[in-house]
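These are the residues of each chain, in order.
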Amino acid sequence: MLDVNKIRNDFPALDQMVYGQPLVYFDNGATTLKPTVVVDTLKEIYSKRNSNVHRGIHYLSLRMTEEYEEARKRVRKFINAGSDREIIFTSGTTASINTISSTFGEEFVKEGDEILISAMEHHSNIVPWQILAKRKSAILKVIPMNDKGEIVMEKLDDLMHEGTRILAINHVSNALGTINPVKEIIQKAHKENIPVLLDGAQAIPHGIVDVQDLDCDFYVFSGHKVYGPNGIGVLYGKEEWLEKLPPWQGGGDMVEKVSFEKTIYADLPFKFEAGTANYPGAVGLAKALDYIDTLGKDRITAYEKELLNYATSRLSGIDGLKIFGTAANKISIVSFLLEGIHQEDTGMILDKMGLALRTGTHCAEPVMTRFGIDGTVRASLVFYNTIEEIDRLYEGLIKLKQMFK
Ligand code: PMP
């Protein structure tokens, strides 16, 4: 069992009042709060240990380089990648996807080819592929979802064929909470020789990622959604793919030798890390992953499941409340609407009660279009949230309904 009271002490942001009420933070899907150990690490680096990596031969630089490379190993271990060469630090999920859409697109996508995504993608996993499709006169195809917010697997079979160059899909939907059957999807795609990129932004904080077991070709996520710092993210790629791709950005650190006539690129993973690295971010991220492992991924998963079940049954009991995203396999996200009350009004009034929830399209506008709505209210729950906080949401919604009567 997780000791949630003890855990909450590790997150000082939870201990504050908002509009005279103790804060309930249910906007973890947008960004998670940071444990003290992560904040302290950043403070220590900036105040004492700061020095650029891979450059200096002096003590501080060498030490920071070591810490940065240790962070890479830490990430490798966390997602069970086979080699450090497969772990590239980026600024986040968005940058990681754009790296692949640009480089893979440059090398392997030509006119008339198809790029496959799903109906429940975040804009970060739609727009980069649209840009690529436009640049290469390729075609973007979309796997539909059913009314529960689950991928229609039979349609996936129909959509994959010889001309499909890549399949990019989220592991977990940020708008609906659906955990996609990505292992099965990857097996199907690989049978057709289609590589798969998984957007793991929402899966990684829930501790369910093993890239070798999944056999995905690329896996991407952001540090700030997994209790780590902002501005750091990860691009995992199978070595055999990364070797074949050209660099995305040029600059310092990604080169072996430069002359005006010819430049030789650095080896993996540095080929994809142009410019000064975000080493404080990488080391802070490693600390966040240590923190998660100390709590225990299995314990986190079990507790968050408990929160999801409780929130689902409590909120379903409210007359006129509809939950969007009722997939059989879900993480702890509850997206909902109250009949007759606009989602922004719901969010604003709950805020005045000290409850921080996300409202709007969640950067997944096509999901809203699919359900014929303009947005939802989203509660995304993690291991520092509690049953009592869900009760406060329930009571807040009941009060709100009375106000609108
Ligand atoms: N994909 C998913 C599923 C997300 O939830 C998010 C963030 N909401 C992103 C991509 C983009 O992440 P970032 O803004 O950190 O690059």
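Residues numbered from 1 in each chain as written. Predicted model: local features only at pLDDT ≥ 70, side-chain atom pairs only at ≥ 80, totals over all residues. Heavy atoms only, no water.

**Q** Kindly report on the site of the ligand, identifying the contributing residues and their values.
**A** The immediate surroundings of the ligand are formed by T93, T94, H122, S124, N174, D199, A201, Q202, S222, H224 and K225. Between a nitrogen atom of the ligand and a side-chain N or O atom of D199, the distance comes to 2.5 Å. Within the contact set of the ligand, a nitrogen atom lies 2.7 Å away from a side-chain nitrogen or oxygen of K225. Contact with the protein chains removes 86% of the 400 Å² of surface that the ligand exposes when unbound. Because more than half of its atoms lie within 2 Å of the grid, the ligand is assigned to the second largest pocket. For the shell around the ligand, the residue count by class is one nonpolar, eight polar and two charged. (Near = heavy atom within 4 Å. Polar contact = N/O pair within 3.5 Å; in protein donor to acceptor, adjacent residues only side chain to side chain. Areas by Shrake-Rupley, 256 points an atom, 1.4 Å probe, with all protein chains shown as cover. 1 Å grid on protein atoms, 1.4 Å probe; cavity = no way out; pocket = protein on both sides within 12 Å on 5 of 7 lines; lining within 4 Å. Sits in = over half its atoms within 2 Å of the grid points. Nonpolar A, V, L, I, M, F, W, Y, C, P; charged D, E, K, R; others polar.)

**Q** Account for the packing of aromatic side chains, with residues named and values stated.
**A** A complete count under the given rule lists 14 aromatic pairs for this structure. Here the aromatic rings of Y227 and F383 are separated by 4.7 Å at their centres, their planes lie at 35 degrees, and the arrangement is tilted. Of this pair, Y227 sits in the loop between β9 (218-222) and β10 (233-237) while F383 sits in the loop between β17 (376-380) and α14 (387-404), and the two are 156 residues apart along the sequence. Comparing Y227 with F383 shows no difference in burial state: the two are buried. Sitting over the face of the ring of Y394, R314 holds its NZ or CZ atom 3.8 Å from the ring centroid. It is R370 that lies over the ring of F371; its NZ or CZ is 5.3 Å from the centre. (Phe/Tyr/Trp six-rings, centres within 6.5 Å; stacked < 30°, edge-to-face > 60°. Helix = DSSP H or I, 4+ residues; strand = E, 2+ residues; numbered from the N terminus. Buried < 20%, exposed > 50% of the residue type's maximum accessible area, 1.4 Å probe, protein only. Lys NZ or Arg CZ within 6 Å of the ring centre and 35° of its normal.)

**Q** Requested: an account of the packing of helix α4 (residues 93-108) against helix α5 (residues 127-136), with residues and values cited.
**A** Angle between the axes and distance between the axes are the two parameters that describe a pair of packed helices. The N-to-C vectors of α4 and α5 enclose an angle of 20 degrees; their axes lie 9 Å apart at closest approach. Compared by their axis directions, α4 and α5 come out roughly parallel. Crossing geometry of α4 relative to α5 is assigned as right-handed. Where α4 approaches α5, its residues I97, N98, I100, S101, S102, G105 and E106 are matched on the opposing element by P128, W129, L132, R135 and K136. Of the residues belonging to the contact of α4 with α5, the class tally is five nonpolar, four polar and three charged. (Axes fitted to C-alpha atoms, helices over the stretch in contact; angles between N-to-C directions. Parallel < 35°, antiparallel > 145°, perpendicular 65-115°, else oblique. Left-handed = near helix turned anticlockwise from the far one by under 90°. Contact = heavy atoms within 4.5 Å.)

**Q** Please set out the environment of H190 residue by residue, giving values where relevant.
**A** Take H190: it is sitting in helix α7 (residues 182-191). As a C-alpha pair, H190 and L242 span 52 residues in sequence and 17 Å in three-dimensional space. Apart from residues lying up to four places away in sequence, H190 is in contact with V196, D215, D217 and K238.

**Q** Tell me about the sheet that holds strand β14 (residues 333-338), and please be specific about residues and values.
**A** Note: strands within a sheet are paired through backbone hydrogen bonds, in either parallel or antiparallel orientation. Taken together, four strands build an open sheet; the order of strands is β13-β14-β17-β16 and the sheet is antiparallel. One side of each edge strand has no neighbouring strand; the edge strands of this open sheet are β13 (321-324) and β16 (358-360). Between one strand and the next, the sheet's axes are offset by a mean angle of 30 degrees, whatever the strand orientation. Packed onto the sheet, helix α12 (residues 343-352) meets β14, β16 and β17 and runs at close to 160 degrees relative to β16. (Pairing = 2+ DSSP bridges.)

**Q** Tell me about the pairing of strand β4 (residues 87-90), and please be specific about residues and values.
**A** Burial along β4 is two-sided: the face carrying I87 and F89 and the face carrying I88 and T90 are both buried. For β4 and β10, the ladder comprises four bridges, and the chain directions are antiparallel. Note that in β10 the partner of T90 across the bridge is G233.

**Q** Describe the domain arrangement of the protein chain, naming the residues involved and giving the relevant values.
**A** Under the domain assignment used here, the protein chain contains domain 1 (4-26 + 296-403) and domain 2 (39-293). A C-alpha centroid distance of 28 Å is found between domain 1 and domain 2. Taken together, the contact between domain 1 and domain 2 spans 33 residues of the former and 28 residues of the latter. Taken together, both faces of the contact between domain 1 and domain 2 bury some 2,600 Å²; the carbon and sulfur share is 57%. Interface area lost by domain 1 to domain 2 is led by K297, I331 and R370, which between them contribute 24%. The interface formed by domain 1 and domain 2 includes one salt bridge. R370 is the partner of D147 in a salt bridge, and the nearest nitrogen-oxygen pair spans 2.8 Å. Listed by contribution, the elements that provide at least two residues to the side of domain 1 that touches domain 2 are α11 (297-316), β14 and α13 (365-371). (Domains from an automatic or database assignment. Buried area = accessible area lost by both parts, 1.4 Å probe. Salt bridge = Lys/Arg side-chain N within 4 Å of Asp/Glu carboxyl O.)

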